[in-house]
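Observations on chain architecture
For reference, the chains in residue letters:
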Amino acid sequence: MGCAGNSSLLNLQSKEEGFLSFDYRGSYSTKSFILSFSRSSLFTDVLSKREKALFSLSALALSDYIEDQLIRSLNLEYSEAEAFRVEYIASSPYTRSRGVKASGLILKPPSNEPLPLLIYFYPTLLNKNEAPSLIPPTALSMDSIEDYRLMLIFLALQGYIVMVPDHVGYGSSEDMLHPYLHKQSVAQTATNFLQSAVNTLREKGAVIQRELFIMGYSQGGHGALAFAEAMQNRSMDFEIKAVSVGGGPYDLLYTAQELLDQKQILKLVVAPLLQSYSYIYGWDLNDIVRKESYADVVSQIYRQDSLQEAVEALPSSTGSLFHPQFLRDMGTGRGDFYQRALEENSVYDWDPDFPVLLFHVKNDGIVPYKNMEIAYRSLRSGRRSQIKKMDCNFKKVEDLIGIMDDLNRMRGSRTTIEPDHVNCNFIHFLETGDYFLNYKN
């Protein structure tokens, strides 16, 4: 199948698109969120064995004082958030079908007050049951590092209507191949989801402000910028107030070249990209990988429930997985057929007319830090530039542990852990919560 076109062709709503169902998933109190949040593995990993025992006991009987301190520190405005699973029909730029039955998650305080919208783009999912719309019915079963859905509750408790589209290939569309890092697909699906969800909420009496905040991390950081670019000049009744993205591969060609230059391949990134682009752009996997069996594995990875298990059959060595000619072409600029697709799906070369925060960790072993700097320089060169960058650090975690230390009088030594691509998603939620407050009416 050939190139699917560009994002300027996005449709807001066609006759085949629209709302299908709206199902209640559960309710999450501030107390249950705080209890689960305070048991985060990131907090407990820095404690000594003795402190962990005290910390675990204290989390189960969190004092009103500590709870109030955390609520203020986290800027939680509401005492409860409700979750709803939405099904809708979206158009698809990469299939010939009339539409895709897709799904997503809505989290909102049970309030009649007018609230701003926040659309969140999810990182790469390793398992089918981790789709946002399949959020567990209780916050107590979620870890803020291992299950990002807990931190979506955090955003709703801050006073947003949080909307999270499932990746195509997950949730209600799990029988479809996932268009990994395909710019037009994610923008189209998210646009359809936003319109369907807003229309449904308004029919149910919700009062929604015009303000729209956009956020995403890793794969979701790429998706968030793709959506923001597509939305910037559309005549919808929303005003983009601010965008915050973290750890995303904004310059796909540079990111791919860096990954392919390593001796050990990041299979959880490269395999989904090859599967997606072989289907959408007609890449011949047998021209890319050394064995037909490897090509079969790549083409079928989203037919399994676990992405991690699916890629285990592939070698970890770059030289063992790829044809030498493919690596030479990608490294020297002669792989035009491949490079054009990567350049077309990059999201760093445009001029936002709203504030954008680029968040990254310096020693990111998955998405190179320089990729963020490329995006920063490019976006900042625009005439309407309001671009800010921030490096991931654990100061907010240390401040929160300090609040909870007051309960246990814990003053022992700390285990040093380093910020990385995974745990900095948690920090990105905290930093973005503060960043968006600057633009929230």
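The structure under discussion appears in the preceding block.
Now for a quick tour of the structure. Values in this document were obtained by computation on a predicted structure and should not be read as measured data.

The tally for this structure, following the rule as stated, stands at 22 aromatic pairs. Ring geometry for Y88 and F193: centres 5.4 Å apart, planes at 40°, overall tilted. With Y88 in strand β2 (residues 80-90) and F193 in helix α6 (residues 183-203), the pair connects residues that are 105 residues apart, well separated along the chain. Classification of F193 by relative accessible area gives buried; the value is 0%. Between Y160 and F213, the aromatic rings sit 5.5 Å apart at their centres with planes inclined by 75°, giving edge-to-face as the arrangement. Residue Y160 is located in the loop between α5 (149-157) and β5 (161-165), and its partner F213 is located in strand β6 (residues 208-217); the two are separated by 53 residues in the primary sequence. Judged by its relative accessible area of 1%, Y160 is buried. For F213, a relative accessible area of 0% translates into the label buried. In this structure an aromatic cluster arises from ring pairing among Y277, Y281, W283, F322, F326, F337 and Y338. The ring of Y160 has K440 lying over it, and the distance from NZ or CZ to the ring centre is 4.3 Å.

Right, let's get into helix α17 (residues 423-437). Since the α-helix turns once every 3.6 residues, residues separated by three or four places project in the same direction. The terminal C-alpha atoms of α17 lie 23 Å apart, and with 15 residues this matches the ideal 21 Å at 1.5 Å per residue to within 8%. When you tally the buried positions in α17, you get 13 out of 15 residues, the bulk of the element.

So, on to the layout of surface pockets. Here the largest pocket defines a volume of roughly 790 Å³. Taken together, 43 residues form the lining of the largest pocket, with T124, L126, L268, V269 and I366 sitting closest to its centre. Secondary structure elements with two or more residues in the lining of the largest pocket: α8 (252-260), α9 (267-281), α13 (324-332) and α14 (336-344). Among the elements that line the lining of the largest pocket, the one with the most residues is α9, at 6 residues. In terms of residue class, the lining of the largest pocket is made up of 31 nonpolar, 6 polar and 6 charged.

To continue, consider α6. In this model α6 runs 31 Å from its N-terminal to its C-terminal C-alpha over 21 residues, within 8% of the 30 Å that 1.5 Å per residue would give. Most of α6 sits out of view: 17 of its 21 residues are buried. Where α6 ends, the next residue or the one after it, G205, has phi of about 95°, a positive value.

About the cut-offs
- Sequence order as written defines residue numbering, which begins from 1 separately in each chain.
- Reporting in this predicted model follows two pLDDT cut-offs: at least 70 for local features of residues, and 80 or more for side-chain atom pairs to be given and counted; totals over whole chains, interfaces and linings ignore these cut-offs and use all residues.
- Only hydrogens and water are set aside; all other atoms, that is, all heavy atoms of the structure, feed into the side-chain values.
- Here a pair means two rings of Phe, Tyr or Trp (six-membered ring of Trp) with centres within 6.5 Å. Their orientation is stacked below 30 degrees between planes, edge-to-face above 60, and tilted elsewhere.
- Helix numbers and strand numbers start at the N terminus; a helix is a DSSP run of H or I with at least 4 residues, a strand a run of E with at least 2.
- Burial here depends on accessible area, computed with a 1.4 Å probe over protein chains only, as a share of the maximum for the residue type. Under 20% is buried, over 50% is exposed, and the range in between is partly exposed.
- Here, a charge over a ring means that NZ of Lys or CZ of Arg falls within 6 Å of the ring centre while also lying within 35 degrees of the ring normal.
- Residue count minus one, scaled by 1.5 Å, sets the expected span of a helix.
- Here a cavity denotes a set of grid points, spaced 1 Å apart and computed over the protein atoms alone, in which a 1.4 Å probe fits but from which it cannot get out, and a pocket denotes an open set meeting protein on both sides within 12 Å along at least five of seven lines; residues with an atom within 4 Å of a point are reported as lining.
- Grid points are joined across faces, edges and corners, and a volume is the space filled by probe spheres set on the points.
- When residues are sorted by character, Ala, Val, Leu, Ile, Met, Phe, Trp, Tyr, Cys and Pro go into the nonpolar class, Asp, Glu, Lys and Arg into the charged class, and all the rest, Gly among them, into the polar class.

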